[in-house]
Amino acid sequence: MQKPKIVVIEDEEDIAALIKLQGEISGYKIHVEVDGLNGLRAVEREKPDLVILDLMLPGQSGLD
C-alpha cells in the first residue's frame, strides 16, 4: 500500500521542516514547496491526498 501524499506549501523553513518531520513520522509522504507558483506545479504533478497551504506566500498567494 502506498503512503498517502501531502504537499506542503510554506515559505517559513522552520514551520515547513516541522510539518515534514511530523508527517513522515506519522507515515505520510511529504513534498514541500516554498512559493505559490511552485506549489501549484507540485500539486498538479504529485496529485496529493492533502495540501497544507500557507495563505501569505511570495510570488503568488495561497488565495490565488
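On a predicted model such as this, the values are computed, not experimentally measured, just so you know.

(A) Molecular detail of helix α1 (residues 13-25). End to end, α1 covers 18 Å across 13 residues, agreeing with the expected 18 Å (1.5 Å per residue, within 8%). Positioned one or two residues after α1, Gly27 has a phi angle of 100°, which is positive.

(B) Expanded view of the pattern of salt bridges. Under the definition given, this model contains 3 salt bridges. Here Glu24 and Lys20 are joined by a salt bridge, their closest N and O atoms 3.9 Å apart. Within this pair, Glu24 and its partner Lys20 are both found in helix α1, separated by 4 residues, close to a single helical turn. A salt bridge links Arg45 to Glu33; the nearest nitrogen and oxygen atoms lie 4.0 Å apart. Taken together, the residues span a long stretch of sequence, with Arg45 in helix α2 (residues 36-46) and Glu33 in strand β2 (residues 29-33) at a distance of 12 residues. Looking at Glu33, the relative accessible area reads 16%, which means it is buried.

(C) Representation of a nonpolar patch on the surface within the structure. Together, Val51, Leu53, Leu55, Met56 and Leu63 make up an exposed nonpolar region whose accessible area comes to about 530 Å². Mapped onto the elements of the fold, Leu55 is located in the segment after β3 (50-53). Accessibility expressed as a relative area gives 46% for Leu55, which makes it partly exposed.

Rules of the game
Residues numbered from 1 in each chain as written. Predicted model: local features only at pLDDT ≥ 70, side-chain atom pairs only at ≥ 80, totals over all residues. Heavy atoms only, no water. Helix = DSSP H or I, 4+ residues; strand = E, 2+ residues; numbered from the N terminus. Expected span 1.5 Å × (residues − 1). Salt bridge = Lys/Arg side-chain N within 4 Å of Asp/Glu carboxyl O. Buried < 20%, exposed > 50% of the residue type's maximum accessible area, 1.4 Å probe, protein only. Patch = residues over 30% accessible without salt bridge, like charges linked within 9 Å, V, L, I, M, F, W, Y side chains within 5 Å. Areas by Shrake-Rupley, 256 points an atom, 1.4 Å probe, with all protein chains shown as cover.

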